[in-house]
Each structure stands twice: as structure tokens, then as C-alpha cells.
Number of protein chains: 2
Amino acid sequence: MRKYMDAYDELLARLKDIDLIGQIGGLMSWDQEVLMPPKAAALRAEQLAWVSKTGHERLTDPKIGELLDVLESTDNLDDIQSANVRLAREAYDRATKLPTEFVEEMAKHRSRAQISWSEARAKDDFSIFRDDLAKAIDLARQKADYFGYDDLRYDALLDLYESGLTVSRVDPLFKGLRDNVAPLVKAVIENGNRPDMSWVENNNWEQSSQESLSHSVAEAIGFDFDAGRRDASTHPFCGGPNPDDVRWTTRYSESDPFGSLYGSMHETGHGTYEQGRRRDLDFQPAGKANGLGVHESQSRLWENQVGRSREFCEWVLPVWRENFPNNMEGIDAEQLWQAVNLVEPSLIRVEADEATYNLHIMIRYEIEKKLIAGDLEVDDLPEAWDDMYEEFLGIRAPNRTLGVLQDIHWSMGAFGYFPTYTLGNLYAAQLLEAARKELPTHDEQMRNGEFGPLLSWMRKNVHQRGSILEPAALIEEATGSPPSPDAFVTYLKDKIESLYGIKA
Amino acid sequence: MRKYMDAYDELLARLKDIDLIGQIGGLMSWDQEVLMPPKAAALRAEQLAWVSKTGHERLTDPKIGELLDVLESTDNLDDIQSANVRLAREAYDRATKLPTEFVEEMAKHRSRAQISWSEARAKDDFSIFRDDLAKAIDLARQKADYFGYDDLRYDALLDLYESGLTVSRVDPLFKGLRDNVAPLVKAVIENGNRPDMSWVENNNWEQSSQESLSHSVAEAIGFDFDAGRRDASTHPFCGGPNPDDVRWTTRYSESDPFGSLYGSMHETGHGTYEQGRRRDLDFQPAGKANGLGVHESQSRLWENQVGRSREFCEWVLPVWRENFPNNMEGIDAEQLWQAVNLVEPSLIRVEADEATYNLHIMIRYEIEKKLIAGDLEVDDLPEAWDDMYEEFLGIRAPNRTLGVLQDIHWSMGAFGYFPTYTLGNLYAAQLLEAARKELPTHDEQMRNGEFGPLLSWMRKNVHQRGSILEPAALIEEATGSPPSPDAFVTYLKDKIESLYGIKA
């Protein structure tokens with residue numbers, strides 16, 4: 001026993017060290033995105049490279065492999081200890097299975113590909129990105145081979161962003177979703193009742209008032225500003241070093257007040273997850289937020305399930321009025337609700353509504369599967385992309401920039417990442433459905449701005465459970481069922497019905 | 001030769017590693033002071049402790065000692081190489097004399113003490129800071145003992161901030177200054193011709209306009225805002241990771257517009273020094289800014305020698321008018337010059353005028369000597385502080401916040417630091433006296449806002465010389481004479497004469 005306890009203690013000490021390095025990197029990256037002066041970029045890259053190299057050295061120390069071997073030979077670990085060993089093994093294997101030269105090659109290629117992608121996008125010319133994309137796909141395949149997989153190469157990539165995710169798990173989820181959502185979107189388009197957006201589009205929305213609105217809402221939801229910050233940045237994100245220092249950002253457009261508010265609620269969802277982690281598991285992988293899908297469930301919950309509900313709109317209307325007394329004159333909660341729920345097929349994923357968003361993801365997922373398997377050639381990709389948009393959403397991009405070149409992910413080598421966005425939507429609906437059973441007055445609470453009970457439910461069932469279970473098991477524990485598209489489909493049907501009077 | 005070159009290259013590689021760690025710590029400390037959320041303090045302390053411990057481990061690697069031994073055995077080093085070896089030796093010896101656990105303890109205590117100091121200050125309650133201060137003094141004594149000293153424990157601390165500084169060097173210097181300055185201050189008070197301050201005191205000075213004024217002036221002096229930032233913090237300072245990312249802060253009071261402007265010019269002086277370093281010596285100790293006294297000479301130069309000159313006031317008056325059109329109506333350059341040069345004993349060091357400033361330093365110096373020697377108990381400190389203010393300046397603080405709690409230094413464990421402020425005043429006067437010989441139209445240039453020639457002189461004679469020479473030798477190289485109080489005393493006598501018509 002003594003041997004195992006000593007090994008476990010030493011493992012935790014080493015993991016703490018690695019975690020602190022990660023916290024430092026988190027702060028530096030936040031600073032780089034939010035307020036670093038422009039000339040500082042080159043030396044910041046050196047600092048970040050140092051942090052990354054130092055973290056990698058500590059993680060790949062053979063001593064960690066030895067400690068894991070010892071700990072994997074005993075059955076006497078409790079669930080938290082087991083989780084720490086499992087997660088440390090996962091991190092250790094990932095860090096040691098890739099040869100150093102291959103990691104370097106990927107990093108160099110990433111820098112190159114981001115440049116050619118930017119240029120291709122700016123010039124609306126896919127051919128500029130073509131070779132680098134082909135190489136990125138090849139590197140992703142090699143990466144999958146280094147990590148290994150049972151069935152499909154693509155599985156090894158999915159697993160990087162959500163532990164245990166495979167094509168055989170995603171396919172049925174996405175099929176069920178598509179079968180139900182596509183007809184809904186079609187019905188809305190045919191219905192043609194676009195809500196009145198003139199009061200939104202014809203007004204100027206001052207940034208300082210948007211900031212105050214976002215801040216009030218984030219605070220009301222339960223984000224603790226004594227343990228975090230709100231700032232502005234070009235690309236909104238939630239970062240920062242640890243649960244006591246959670247920093248999220250948003251961006252503002254004075255012609256559109258919804259982008260910053262719903263972006264803020266999205267990041268607030270990520271932020272409350274980070275702030276809600278179990279503090280007795282500080283520095284331990286078991287205490288960390290779970291995979292990207294679960295993280296996205298928390299952001300989507302507050303952004304969509306709560307933020308675009310009729311009850312929330314009733315509660316938030318006076319806050320809008322306080323911040324925009326002139327613009328909001330004569331606007332009632334029903335109009336606000338209609339406007340924030342505009343369903344409209346569009347070409348750009350990040351601007352898509354709740355109903356069409358997942359169709360954007362499915363397109364990318366189907367394309368990635370084929371690219372990694374070699375069933376789709378890079379030269380055929382742009383047309384394949386446009387064809388799928390026509391098939392899934394009934395629209396076709398007028399150029400490459402609005403089509404296949406819109407996302408940064410592939411230039412960064414992040415194949416397998418997209419599906420977690422849709423998983424987040426499914427998990428959010430499934431979690432809220434489960435929460436409602438214990439919160440019978442949920443709608444009333446939203447109408448009164450009582451967000452505490454819902455946040456507490458998430459704290460207990462999601463945030464405090466950290467990564468003790470794998471994502472799918474966490475969802476099953478919290479909701480009583482394995483991940484499924486049903487709750488989301490029901491939610492979306494109800495919503496479309498009440499918004500557009502369409503019975504699906 | 002090959003042996004020395006290899007050793008030198010390896011030494012530089014290791015010094016670069018250590019410097020990067022220092023840059024990371026610099027960013028984290030800036031963040032802690034300027035914008036970190038309050039609850040993040042405890043984990044930030046852990047992060048800083050990690051950085052400090054890691055830096056200490058790398059610096060104390062015996063391999064560095066071996067490399068230094070090799071390099072100290074050859075005469076074939078040029079002046080930069082010699083400086084790097086000399087400075088690395090100094091750092092290595094200082095670091096190896098402190099046990100790792102002690103360094104970690106100091107770092108943790110520093111974070112803790114800064115929090116209790118802030119709270120004590122906010123609540124005007126010395127008792128909140130009392131225990132952490134007592135511990136800080138104890139740690140400073142231990143530190144002095146680890147370093148060793150010939151005569152007094154305090155000497156070991158003075159030496160940390162200005163090489164070779166001892167009580168036996170400071171005592172006569174300060175006595176000479178006090179002998180000259182105290183009668184001047186007395187004469188001004190007895191003279192009773194207080195300049196008209198009603199236009200300052202009877203107006204409200206909006207913060208946003210103060211920010212814009214400070215920013216314009218810093219930019220005019222030559223601070224590069226693409227390689228740095230201006231922010232607000234409780235205790236103004238200049239920090240940040242490196243010459244491409246220099247971050248200074250100031251604080252604002254709407255009843256006093258001078259504090260923020262002159263604070264900004266002070267930090268701008270520090271900032272231009274950092275930005276002006278030789279970039280081919282990045283990551284090398286020889287390229288670093290010299291001791292604190294020299295650093296302070298650059299801040300004092302712009303704050304006082306330039307900023308409080310009649311010519312500068314003539315140039316800056318339109319900038320004032322632009323930012324405060326109503327408040328500045330009917331105010332001329334002469335009135336502005338009189339007001340920014342008000343000589344009046346006051347309680348706050350950082351707001352003190354040029355004539356009384358050094359008396360504030362002398363009080364702290366006398367107190368530190370006693371605290372470190374054990375001749376003054378922490379519980380007696382607040383009263384001792386007030387008594388000395390009564391003795392030196394004829395005034396007494398009405399509360400602790402304006403008294404013993406005003407400075408951040410002791411909470412940071414920076415005992416022995418204060419005297420460098422006065423050295424900075426002396427060096428500033430001496431440097432400007434020398435610069436004037438090469439810049440015969442200096443006064444005219446100031447009147448026209450042509451700050452480039454003076455900044456270039458400082459770049460060439462101070463900034464670009466880094467730490468290649470020791471501080472006293474640098475001053476002698478730049479001015480032709482060893483450090484002396486003469487230029488400062490002459491400058492102050494001239495100024496008092498022209499301001500008050502007092503012949504000293």
C-alpha cells in the first residue's frame with residue numbers, strides 16, 4: 001500500500017507542477033489576445049514557446065511513465081485516484097507517442113498553413129491554401145496513426161477533443177438530428193414569416209451600453225467577477241489561469257446588440273463551469289472541466305436554452321430598457337424573443353441560429369470523415385462543400401471565402417474538433433430536460449431572473465463532477481440516459497412551433 | 001579559445017532561459033497589480049512562487065558556476081563579455097547563497113503581504129499589516145545574513161539595489177544633502193510666498209482628460225505605445241516583460257491633476273530607459289538597465305528636471321488647455337510653472353516636491369536602518385514614523401494610510417531600496433548638467449517640445465550602455481565626474497531662487 005501511496009503522491013506533485021505551468025501559459029495567452037502591445041508579439045512567442053517546452057519536458061519525464069505503471073498495477077484506487085491515473089496516462093501517452101520531430105513539423109506547418117489560409121481567404125482563392133491543406137490532412141492521418149485506433153483513423157482524432165468519441169457513436173446521433181432538424185428548417189423557410197427586425201437594424205447600439213447589459217446579465221447568471229474578468233477581444237473566448245481567475249471576452253458591433261449579449265452569455269456559461277470546479281481537486285486532472293462537448297453544453301445552455309427562451313426575454317427586457325431607453329421604447333418581450341430567435345439559413349457557421357447551426361457542423365463532420373479516409377480529394381473539396389450546403393441548407397456560397405475557407409480549424413490541424421460543438425447543443429438540451437425534473441418551477445424562475453437553482457444543479461451534476469467520469473458517462477449520470485439527440489429535437493420542435501406556429 | 005567560446009555560448013543560452021523566466025514573472029506581477037480579480041491572489045502567489053523557484057533552480061545550477069570558473073580564467077573577453085560574466089557571477093553568488101525553500105518562502109510571503117498591506121491601507125488599520133511586516137523584516141534580516149556583510153546587516157540589503165552601496169557611503173551623502181536642503185525648505189516656508197493654487201484646488205479635474213494629457217505628454221517625450229502600455233494602479237510603477245512590452249501605470253485624483261501627469265512623466269522616464277536598451281544584447285545581463293539609482297535618474301529627469309522647468313511649462317500649456325479648456329482659462333505658463341513647483345512639506349512621498357522629496361527618503365532610510373538592526377520594534381513603527389515626519393518636515397499624518405502605510409516597498413520585502421531614489425535625483429541633475437554641454441539650445445528645445453535630442457543623449461550615454469559598466473562608473477563615463485550631490489544642490493538653489501527670490 002505504502003508503495004502505491006508514495007507513487008500517487010509523487011504523481012500528484014508532478015501534475016501540480018505541470019498544471020501551474022499551464023496556468024501561467026493561460027494567463028500569457030489571455031494577455032496576448034486581449035491587451036498586449038503589437039511589438040511584443042515576437043518575444044511573447046518566445047515566452048510561450050518556453051512555457052510549452054517546459055510543460056512538455058515535465059509531462060514526458062519517464063518517471064511519470066514509471067509512476068503510472070506502478071499505479072496501474074493496483075485495484076485499490078478510489079474513483080478520483082483512478083480518474084487521475086487514467087487522465088495522466090492519456091496525457092502522458094499523447095505527449096510521448098508523437099516523435100519530437102513530428103511535433104515540430106506540425107507546429108511549423110500550422111504557422112505556414114494559417115498564413116496561406118488567411119491569404120486564400122482574403123483573396124478568395126482556394127488554390128493558395130490547397131497544398132497546405134493537403135499536407136495538413138496528411139499530418140492529421142500520421143498523427144492518428146501514432147496515437148492508434150481500433151476502427152477508423154478519424155476516431156483517433158475525435159478522441160482528442162472528447163474522450164471515447166468515435167464515428168460509430170457520432171453517426172447515429174447526427175443522423176437522428178438531421179432527420180428531424182432539416183425538415184424543420186425547410187418548414188420555417190417555406191412559412192416565410194420573418195420576425196420584425198427593423199427595430200434592431202435601424203438603431204445604433206452604443207458599445208458602453210452593450211457592455212453594461214452584458215455585465216449585468218453575466219452577474220445575474222452567477223458569474224463571479226471577483227474571480228474573473230470581462231474584456232473585449234477580436235475573437236471571443238473564455239480563458240485565464242484557474243477557477244479563481246476566469247477571464248472571458250466578447251466583441252461589439254454597434255449595429256448588432258445580440259452578438260455581444262449572446263456571446264457574453266455563451267462565455268459566461270464556460271466561465272461558470274470553470275468557476276464551479278471542485279476546489280479540493282485543484283491541480284488534479286480529475287478536477288478539470290470535462291471534454292469540449294461538455295464545456296460547450298454549459299455555454300449553449302445559457303446562450304440558447306436559457307437566453308433565447310421567452311421567460312428569459314421577459315426578465316431581461318427591463319435590463320435592455322435601462323441600458324437602451326430610446327432604442328427599446330415600445331418593444332415588448334414578445335418582439336425581443338422573436339428577434340433573438342430569427343431562424344434563417346446562412347452561409348457562416350458562427351453566425352448561425354440554433355436550428356441551422358448543427359447542419360453546418362454535420363457538413364464539416366461528413367467532409368472530415370471523407371478527407372481523412374481518402375474518400376474525398378482536396379481538389380474536389382470546394383465543390384463538395386457547396387453541394388452539401390445546397391443539400392443541407394438550400395443555399396450555395398457565392399465564393400470560397402464564404403464557403404470552404406470560412407473556418408480557421410483545418411489550417412490549425414484541428415480535424416475532429418467540429419463535432420464537439422453539436423455535442424454541446426445536444427448535451428445542453430439533455431441536461432436542461434433532466435434539471436427541469438428537479439426544478440418544476442424552472443420557467444417561472446427564469447421569468448423572475450432566479451438563475452441560482454439552475455446554476456446549482458449544473459454545479460452539482462456537472463461542474464463538481466470534473467473529469468472523474470468520461471464525458472458520455474457524465475451525461476448519463478447527470479441525466480439518467482446516454483447521450484441522445486432526443487431532448488434537443490423536442491426542444492427545437494417546441495420552439496419552432498411556438499415561434500412560427502409550425503407543427504413539425 | 002574554442003573552450004572559452006563554447007563556455008560563453010552555453011552561459012548565454014542559460015542566461016536567456018533565465019531571462020525568459022524573468023520576463024514571464026514580470027508579466028504576471030504586472031497583471032497582479034493592475035487587473036487581476038481579487039480572489040485570484042492565492043493561486044497567483046503559487047504561480048509566482050513556481051516562477052521564482054524555477055528561475056532560482058536554473059540560476060543556481062552548478063554548471064553555471066563551472067562555466068563562470070572557466071570564463072574567469074581568461075583575459076580574452078571583450079567589455080560586453082566581461083560584463084556578462086561579472087553580472088552572471090554576481091547573480092549566481094546571490095542566488096546560491098539563498099536556499100531554494102527560502103526563496104520560495106519569500107515569494108509566497110511577498111504575495112501575502114501585498115494583500116494585507118492593501119487591505120490595511122484601504123481600512124486605515126496598521127494592525128492588519130503588522131504581522132506580515134514583522135515577518136518581512138525577519139526575512140530581510142535572514143536574507144542579509146545569507147549574503148553576508150562586513151559592517152552592518154543593512155549594508156547587505158543596500159548592495160542589492162546599487163552595487164557597493166553601504167551605510168558608510170550613504171550617511172555622509174545624506175547628511176550633506178540634508179544640510180543644504182533643510183535650510184532651503186525652511187527659508188521657503190518662512191518666506192511664505194505660496195504660489196496661487198486656487199485655480200488648481202477650486203476645480204474638478206476629470207480623469208479622462210488627465211489620461212489624455214498624460215498620454216500626449218508621454219508620447220511627445222518618446223515613449224512608444226506600440227511597445228508598451230499605460231494603465232491605472234494603486235501604486236504607480238513601470239514593469240512588463242521586456243523592451244517590446246513596457247507597461248507603466250499611474251493613478252488619478254480628480255482634485256489634483258499634477259499627481260497623474262508628473263507620475264506619468266516619472267514612469268515614462270523609466271519606460272524610455274527600458275525601451276532604449278541595446279537590442280543586440282537581448283536576454284544578456286550586460287544589456288539590462290543599470291542599478292536602481294540610474295533607473296531613477298531617468299524618471300526624475302523627465303518628471304523634474306524637464307517637467308518642472310519653466311520651458312516645459314511653456315510648451316505644455318496648450319496641451320493642458322486642450323484637455324481642460326474651462327479649468328485652464330486665463331492661466332498662463334508662469335502660473336502653471338509656479339503651481340507645479342509648489343514647495344510645501346507634505347505627507348506623501350510620491351507627491352512630494354523636489355525640495356522636500358529627499359527628506360521623505362531620509363526618514364525611510366533612518367527607519368530601515370533601525371528596523372533591520374532591531375533598534376525599532378514593529379509596534380512602535382507607526383508612531384516613530386509620525387515623530388520623524390514632525391522632526392524632518394514639521395507635519396504629522398492624521399492616519400496610518402497617509403503615514404506608515406503609504407509605500408508598497410516593505411510589503412514586497414524591498415528593504416534598502418529607498419536610498420536609490422535620492423541617488424536618482426543626484427544622477428539626474430548630474431546627467432542633465434553634462435547633456436547641456438552638448439545641447440547648448442536645450443532650454444529652447446524644451447520650450448518647443450523637441451524632446452528628441454535629450455532622449456537621444458540619454459539613449460547614447462545611458463540606455464545603450466546597459467550594465468556594461470557599474471553604476472558609479474557609468475555616471476562618471478557619461479558626465480566626466482564620479483557621483484556627487486553638487487549638481488543637484490546647485491540646481492535646487494537656482495530653482496528656489498528663481499521661484500521665490502530666495503538667495504540660499
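None of the values given here were measured: they were computed from a predicted structure.

Within chain A, the secondary structure is distributed over 21 helices and 3 strands. In terms of overall size, chain A behaves like a compact globule, its C-alpha atoms giving a radius of gyration of 23 Å where 504 residues would be expected to give roughly 23 Å. Summarising its shape, the C-alpha atoms of chain A cover approximately 70 × 50 × 50 Å along the three principal directions. A total of 504 residues make up chain A; the buried ones form 42% of that total. Considering only intrachain contacts with a sequence separation of at least 6, the fraction spanning at least 24 residues in chain A is 72%.

Each partner contributes residues to the interface: chain B has 27 residues there, and chain A has 25 residues. Taken together, the elements giving at least two residues each to the side of chain B that touches chain A come down to helix H1 (2–34), helix H2 (41–59), strand E1 (228–232) and strand E2 (238–242) of chain B. Residues that form the side of chain B that touches chain A fall into these classes: 16 nonpolar, 4 polar and 7 charged.

What follows deals with the pairing of strand E3 (residues 245–250) of chain A. Residue and element names in this part refer to chain A. Counting buried residues along E3, 6 of its 6 residues qualify, which places the element largely inside the surrounding structure. Residues Asp245, Arg247 and Thr249 of E3 are buried on one face, and the alternating residues Val246, Trp248 and Thr250, pointing to the opposite face, are buried as well. Pairing of strand E2 (residues 238–242) with E3, which is carried by 3 bridges, proceeds in the antiparallel orientation. Residue Asn242 lies in a different strand from E3, and its bridge partner there is Asp245. Two successive antiparallel strands, E2 and E3, enclose a turn made up of 2 residues.

In this section: the relation of the copies chain B and chain A. Taken as rigid bodies, chain B and chain A are interconverted by a rotation of 172 degrees and an axial shift of 0.8 Å, the fit giving an RMSD of 2.0 Å. An overlap of 93% is found between the interface residues of chain B and their copies at the interface of chain A, pointing to a shared contact surface.

The next point concerns the nonpolar core. The tendency in soluble globular proteins is for nonpolar side chains to be buried side by side. By size, the foremost hydrophobic cluster in this structure holds 94 residues, and its most contacted members are Leu157, Ala355, Ile372 and Leu431 of chain B. Among the elements that take part in this core, helix H15 (residues 354–373) of chain B stands out by supplying 10 residues, more than any other. Taken together, domain 1 (2–150) and domain 2 (167–500) of chain B each give at least three residues to this core, which thus spans both. Excluding residues within four positions of it along the chain, Ala355 of chain B makes contact with Val181, Leu184, Val185, Val188, Val343, Leu492 and Ile496 of chain B. If you look at the next biggest cluster of nonpolar residues, it comprises 92 residues, including Leu133, Ala156, Trp457 and Tyr500 of chain A.

Here we take up the packing of helix H1 (residues 2–34) of chain A against H1 of chain B. For any two helices packed against each other, the geometry is given by the interaxial angle and the distance between the axes. Taken N-terminus to C-terminus, the directions of H1 of chain A and H1 of chain B make an angle of 70 degrees; their axes are 11 Å apart at the nearest point. Compared by their axis directions, H1 of chain A and H1 of chain B come out roughly perpendicular. Along its contact with H1 of chain A, which presents Ile24, Leu27, Met28 and Asp31 of chain A, the element H1 of chain B presents Ile24, Leu27, Met28 and Asp31 of chain B. When its residues are assigned to classes, the contact of H1 of chain A with H1 of chain B shows 6 nonpolar, no polar and 2 charged.

Attention now goes to the environment of Asp280 of chain A. With respect to the element layout, Asp280 of chain A can be found in the loop between helix H11 (257–275) and helix H12 (292–306). For the pair formed by Asp280 of chain A and Glu344 of chain A, sequence separation is 64 residues and the distance between their alpha carbons is 46 Å.

Next up on the list: the sheet that holds strand E3 (residues 245–250) of chain B. Residue and element names in this part refer to chain B. Taken in spatial order, the 3 strands make up an open sheet running E1-E3-E2, and their pairing is mixed. If you trace the sheet from one side to the other, it starts and ends with E1 and E2, each paired once. Mean inter-strand twist for the sheet, computed between neighbouring axes without regard to direction, equals 20 degrees.

All names here are of chain A. Mapped onto the secondary structure, Ile21 falls in helix H1. Considering only alpha carbons, one finds Ile21 and Glu254, 233 residues apart in sequence, at a separation of 38 Å. Excluding residues within four positions of it along the chain, Ile21 makes contact with Val51, Thr54, Gly55 and Arg58.

Here the focus is helix H19 (residues 452–461) of chain B. All names here are of chain B. Among all positions in H19, only Leu454, Leu455, Trp457 and Met458 are buried. Buried residues along H19 cover an arc of 155 degrees about the axis, so they all sit on one side. Tucked inside the fold, the buried residues of H19 contact helix H10 (207–221), helix H11 (257–275), helix H12 (292–306), helix H17 (419–438) and helix H18 (442–447).

This next bit is on the confidence of the model for chain A. The predicted coordinates should not be examined in detail at positions where pLDDT is low. Of all residues in chain A, 100% have pLDDT values of 70 or greater, and the mean over the chain is 95. Overall fold confidence (pTM) sits at 0.91, and the ipTM for the predicted complex is 0.92.

A word on the sheet that holds E2 of chain A. As a general point, the strands of a sheet are linked pairwise by backbone hydrogen bonds and lie either parallel or antiparallel. Residues and elements named next belong to chain A. Within the open sheet, the 3 strands sit side by side as E1-E3-E2. Their pairing is mixed. One side of each edge strand has no neighbouring strand; the edge strands of this open sheet are strand E1 (228–232) and E2. Between one strand axis and the next, the sheet turns by 20 degrees as a mean value, whatever way the strands run.

Looking now at unusual backbone geometry. Residue and element names in this part refer to chain B. At Asp124, a position not held by glycine, the phi torsion is positive, near 50 degrees. Here Asp124 is to be found in the loop between helix H5 (100–123) and helix H6 (127–147). Classification of Asp124 by C-beta neighbours within 10 Å gives partly exposed; the count is 14. Even without being a glycine, Phe283 presents a positive backbone phi close to 70 degrees. Looking at where Phe283 falls in the secondary structure, it is placed in the loop between H11 and H12. With 19 C-beta atoms counted inside 10 Å, the residue Phe283 sits in the partly exposed group.

Before going further, it helps to examine helix H3 (residues 62–71) of chain A. Residues and elements named next belong to chain A. Inspection of H3 places Ile64, Leu67 and Leu71 among the buried residues, and these make up the whole buried set. Down the axis of H3, the buried set is contained in an arc of 60 degrees. They therefore lie on one face. The exposed residues of H3 that point more than 90 degrees off its buried face are Pro62 and Asp69. For H3, the elements touching its buried residues are H1, helix H2 (41–59) and helix H4 (79–97).

Glancing now at the environment of Asp256 of chain A. Relative to the assigned elements, Asp256 of chain A resides in the loop between E3 and H11. Here Asp256 of chain A falls in the partly exposed class, since 14 other C-beta atoms lie within 10 Å of it.

Thresholds, definitions, all that
- Residues numbered from 1 in each chain as written.
- Chains lettered and ligands numbered in written order.
- Predicted model: local features only at pLDDT ≥ 70, side-chain atom pairs only at ≥ 80, totals over all residues.
- Helix = DSSP H or I, 4+ residues; strand = E, 2+ residues; numbered from the N terminus.
- Rg over C-alpha atoms; globule rule 2.2 N^0.38 Å.
- Buried ≥ 20, exposed ≤ 12 C-beta atoms within 10 Å, placed from the backbone.
- Contact = placed C-beta atoms within 7 Å.
- Nonpolar A, V, L, I, M, F, W, Y, C, P; charged D, E, K, R; others polar.
- Pairing = 2+ DSSP bridges.
- Least-squares fit on C-alpha atoms with pLDDT ≥ 70 in both.
- Core = buried A, V, L, I, M, F, W, Y, C linked by C-beta atoms within 7 Å.
- Domains from an automatic or database assignment.
- Axes fitted to C-alpha atoms, helices over the stretch in contact; angles between N-to-C directions.
- Parallel < 35°, antiparallel > 145°, perpendicular 65-115°, else oblique.
- Arc of directions from axis to C-beta.
- pLDDT = per-residue confidence, 0-100.

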